[in-house]
Amino acid sequence: MNGAWWKRGVIYQIYPRSFQDSNNDGIGDIGGIISRLPEIAALGVSALWLSPVYRSPQVDNGYDISDYCDIDPIFGTLADMDRLIAEAKKLGLRIIMDLVINHTSDEHVWFQKSRRREAPYTDYYIWRPGKAKEKPGKKALPNNWTSFFMEDAWTFDDARGEYYLHLFHHKQPDLNYKNPAVLEEIKRILRFWLDRGVAGFRCDVINVLWKTSLDDGKKNIMLTGREHYLCQDGNHEILRVLRREVLDSYGAFTVGETALVELDDAKLLCGAARRELDEVFYFDHLEVDRLIARFVPGKFRASALLARLAAWQRGLEWNALYLENHDQSRIVSHYGAAKYPRTDRRYSKAWFNTPEPAPAQMPQRPKYRGACLAEAHWALSAKLLATLLFTLKGTPFIYQGQEIGMTNFDFKSLDEVKDIETRNLDRLMKKFRVPAPLRWAWLRVSSRDNARTPFQWEGGAGAGFSAATPWLGINANHSWLNYGAQRDDPDSVLAYYRMMLRLRENSETLVGGDFVPLYANKRLMAYQRRGTAARGAECYTVALNFSAGRIKLPAGVRAALEGAELAAGNTGRSDLLNCAALESWECVVAKKAVV
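A brief look at the structure comes next. (Residues numbered from 1 in each chain as written. Predicted model: local features only at pLDDT ≥ 70, side-chain atom pairs only at ≥ 80, totals over all residues. Heavy atoms only, no water.)

### A few points about the overall build of the protein chain
When helices and strands are counted, the protein chain shows 17 helices and 22 strands. Taken along the three principal axes of its C-alpha coordinates, the protein chain extends 75 × 55 × 45 Å. Looking at the protein chain as a whole, 61% of its 595 residues are labelled buried. By sequence separation, contacts in the protein chain at least 24 residues apart represent 69% of the contacts at least 6 residues apart. (Helix = DSSP H or I, 4+ residues; strand = E, 2+ residues; numbered from the N terminus. Buried < 20%, exposed > 50% of the residue type's maximum accessible area, 1.4 Å probe, protein only. Contact = heavy atoms within 4.5 Å.)

Written out as structure tokens, the structure reads:
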């Protein structure tokens with residue numbers, strides 16, 4: 001292991017508008033984050049990654065930036081941001097900013113001057129005249145590309161008299177990196193924040209910066225044109241320049257969100273010798289049970305998940321480990337037991353989010369006092385997924401609320417959803433005549449708003465998030481699923497997260513040991529983490545039951561557990577003697593010394 005703090009550390013992601021409201025306007029803010037720093041520090045993490053707090057029209061919740069060097073008033077001021085950096089430092093916490101440099105807001109001064117052809121901003125963005133119309137009534141778009149938000153990728157600007165490219169929302173125009181002045185602006189922005197004391201950046205859609213050509217793309221139902229901008233050579237050069245000319249001199253950490261990245265591309269983006277990014281976020285492991293990207297649900301198989309994890313664990317020198325973020329479903333509602341509607345068919349009429357006591361005929365689990373079967377399975381599966389996260393090789397990222405097992409939203413219709421991607425996807429599916437009930441069934445499991453509902457601090461009105469009406473609805477299950485209820489409970493999901501952080505921190509093998517797949521079938525997964533030292537190293541065997549049923553362990557897994565010490569488990573099991581099966585949603589972490 002080298003001395004990089006981020007290899008030993010754990011990073012906590014905050015979605016500021018949903019974390020804590022300090023001025024009772026219904027929107028989380030920097031003051032709210034400062035007030036909760038002790039709770040974050042108590043979890044045992046090393047750094048906070050903040051989703052964007054820059055000045056923005058908030059069309060895409062801050063990912064449309066109008067001023068990179070100022071704070072949006074809904075979050076506070078630049079002085080508040082400086083105070084957050086200073087107060088976090090006192091608690092040993094670093095701050096990582098979200099860097100969004102593929103596009104800006106169309107309200108950014110650069111774009112406003114570019115659309116008026118004012119030097120030197122004339123070519124800061126990608127402008128093109130329309131093609132000659134080939135058919136009456138057809139748009140004269142420069143090419144046939146489509147955006148990540150299911151729109152045409154070009155919008156006509158009346159002031160300029162040309163179209164501009166936007167790979168995302170039409171109010172998020174793409175920057176033109178073929179103009180060297182743009183890269184100089186980005187260097188200035190990086191230095192501005194690094195000089196203020198931030199430790200690094202999470203880099204938004206960082207593998208689509210360079211557009212090699214603007215030719216028509218191959219027709220694709222989701223993203224036509226992507227072969228012209230995904231992971232291009234010019235993109236790699238941009239990252240190397242930023243590393244060499246800015247980031248290295250500050251020792252800054254970078255993790256890149258990499259759209260549609262495959263393993264071979266990821267190796268080029270984060271291989272240590274290439275000096276581009278330190279880590280990359282990929283999506284492969286969260287699409288095991290999805291038929292089209294993350295949008296259309298399919299069947300889960302633990303064997304498929306282990307195969308994908310193994311490919312990335314062995315393929316990259318170092319992994320960015322995550323199960324949730326602001327764009328993904330809550331993991332306990334995805335791979336865990338808190339699916340909506342309930343997947344336990346015996347009790348399919350008892351929706352998970354209904355907090356009423358369980359009917360008498362539903363079996364009780366003594367380990368989760370007074371809880372119905374659904375709540376017990378929720379807790380066990382949340383702990384199982386924490387076990388998975390902290391026993392893989394790489395830097396773990398925790399998304400706010402994950403540490404208490406927060407679930408997907410309980411909205412009843414699209415009217416309650418704010419996410420522009422979800423609404424655009426609904427329009428696209430409607431265009432393809434997908435029936436309304438099916439559209440909503442798919443959207444409610446994939447919508448980005450699942451992760452954006454306010455943090456559930458308490459069980460009362462407003463969930464301890466705000467005394468005002470929140471910007472997005474709060475899940476009704478906050479009445480029992482909240483931080484306050486778990487804070488001092490040694491059997492809580494929160495306590496389990498704290499324990500797993502300590503376990504990882506104190507084990508060189510769990511931090512940097514080899515990853516070895518052991519066994520998997522539809523619902524059972526087992527793997528090992530093996531120390532690299534020739535003598536005296538540890539070997540950890542991890543076994544996870546992704547189901548509500550009892551699963552017998554195959555001979556190879558039983559042999560690996562035999563004679564081992566129980567390092568962690570989620571059911572109260574005290575040892576591994578005669579461990580021939582795993583109970584509902586049970587997981588075990590077994591430790592042996594390798595002589």
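### What to know about the pairing of strand β8 (residues 162-165)
The two faces of β8 match: E162 and Y164 on one face and Y163 and L165 on the other face are all buried. Where strand β6 (residues 127-128) meets β8, two bridges bridge the pair, whose relative direction is antiparallel. Bridged to R128 within β8 is Y163. Of the pairings in the sheet, the one linking strand β7 (residues 154-157) to β8 comprises four bridges and is antiparallel in character. Bridge pairing in β8 links W154 to L165. Taken together, β7 and the strand that follows it, β8, pair antiparallel across an intervening segment of four residues, in which G161 is found at a positive phi of about 75°. (Pairing = 2+ DSSP bridges.)

### Topic: the packing of helix α6 (residues 180-195) against helix α7 (residues 233-250)
Where α6 meets α7, the closest approach of the two axes is 10 Å, and the angle between their N-to-C directions is 25°. Taken together, α6 and α7 sit at an angle that is classed as roughly parallel. α7 is crossed by α6, and the crossing has right-handed handedness. Residues L183, I186, K187, L190, R191, L194 and D195 of α6 form the contact with α7, whose participating residues are I238, V241, L242, E245, V246, L247 and Y250. The residue inventory of the contact of α6 with α7, partitioned by class, reads 10 nonpolar, no polar and four charged. (Axes fitted to C-alpha atoms, helices over the stretch in contact; angles between N-to-C directions. Parallel < 35°, antiparallel > 145°, perpendicular 65-115°, else oblique. Left-handed = near helix turned anticlockwise from the far one by under 90°. Nonpolar A, V, L, I, M, F, W, Y, C, P; charged D, E, K, R; others polar.)

### A look at a positive patch on the surface
Together, K299, R301, K522 and R523 line one region of the surface with positive charge. By the element assignment, K299 lies in the loop between β13 (296-297) and α9 (302-315). Here K299 falls in the exposed class, since its relative accessible area comes to 71%. (Patch = residues over 30% accessible without salt bridge, like charges linked within 9 Å, V, L, I, M, F, W, Y side chains within 5 Å. Areas by Shrake-Rupley, 256 points an atom, 1.4 Å probe, with all protein chains shown as cover. Salt bridge = Lys/Arg side-chain N within 4 Å of Asp/Glu carboxyl O. Lys, Arg positive; Asp, Glu negative; His and termini not counted. Charge placed at Lys NZ, Arg CZ, Asp CG, Glu CD.)

### Details of the pattern of salt bridges
The tally for this structure, following the rule as stated, stands at 42 salt bridges. Between R160 and D123 there is a salt bridge, and its shortest N-O distance comes to 3.9 Å. Of this pair, R160 sits in the loop between β7 and β8 while D123 sits in the loop between α5 (109-115) and β6, placing them 37 residues apart in sequence. Since its relative accessible area comes to 41%, D123 is described here as partly exposed. Note that D248 is salt-bridged to R243, the shortest N-O span being 3.6 Å.

### Concerning the nonpolar core
Counting 160 residues, the largest nonpolar core has M81 and F546 as its most contacted members. For M81, the residues in contact, after removing those within four places along its chain, are I30, L50, V53, I71, I95, M97 and W193. By size, the runner-up hydrophobic cluster in this structure holds 19 residues, among which are I126, F148, L167 and Y229. (Core = buried A, V, L, I, M, F, W, Y, C linked by side-chain atoms within 4.5 Å.)

### Comments concerning the packing of helix α8 (residues 263-270) against α9
Where α8 contacts α9, the axes come no closer than 10 Å and their chain directions differ by 30°. On the basis of the axis angle, α8 is roughly parallel to α9. In this structure, α8 crosses over α9, and the sense of that crossing is right-handed. When α8 is examined against α9, the residues L263, A266 and K267 are found in contact with a partner set consisting of A311, W312 and G315. The class makeup of the residues in the contact of α8 with α9 is four nonpolar, one polar and one charged.

### Structural notes on the sheet that holds strand β20 (residues 565-569)
To summarise the sheet geometry, strands pair through backbone hydrogen bonds and adopt either a parallel or an antiparallel arrangement. In space, the five strands of this open sheet follow the order β16-β17-β18-β22-β20, with antiparallel pairing throughout. Lying at the two open borders of the sheet, with one neighbouring strand each, are β16 (514-520) and β20. Here the strands of the sheet are splayed against their neighbours by 20° on average, with no regard to which way each runs. For strand β18 (residues 537-545) and strand β22 (residues 587-594), the ladder comprises eight bridges, and the chain directions are antiparallel. Of the residues in β22, the one forming a bridge with C539 is K592. Where α9 meets the sheet, its contacts fall on β16 and β17 (524-530), and the angle it forms with β16 comes to roughly 165°.

### A few points about helix α4 (residues 78-90)
For α4, with 13 residues, the first-to-last C-alpha span of 19 Å sits near the 18 Å given by 1.5 Å per residue. Buried within α4 are the following residues: L78, M81, L84, I85 and A88. For α4, the arc enclosing every buried residue in end-on projection is 110°, short of the 170-degree limit, so these residues lie on one face. For α4, the exposed residues lying more than 90 degrees away from the buried face are A79 and K90. Residues of α4 that are buried in the fold lie against α2 (30-35), α3 (37-43), β2 (47-50), β4 (67-71), β5 (94-99) and α6. At the C-terminal side of α4, G92 shows a positive phi close to 75°. (Expected span 1.5 Å × (residues − 1). Arc of directions from axis to C-beta.)

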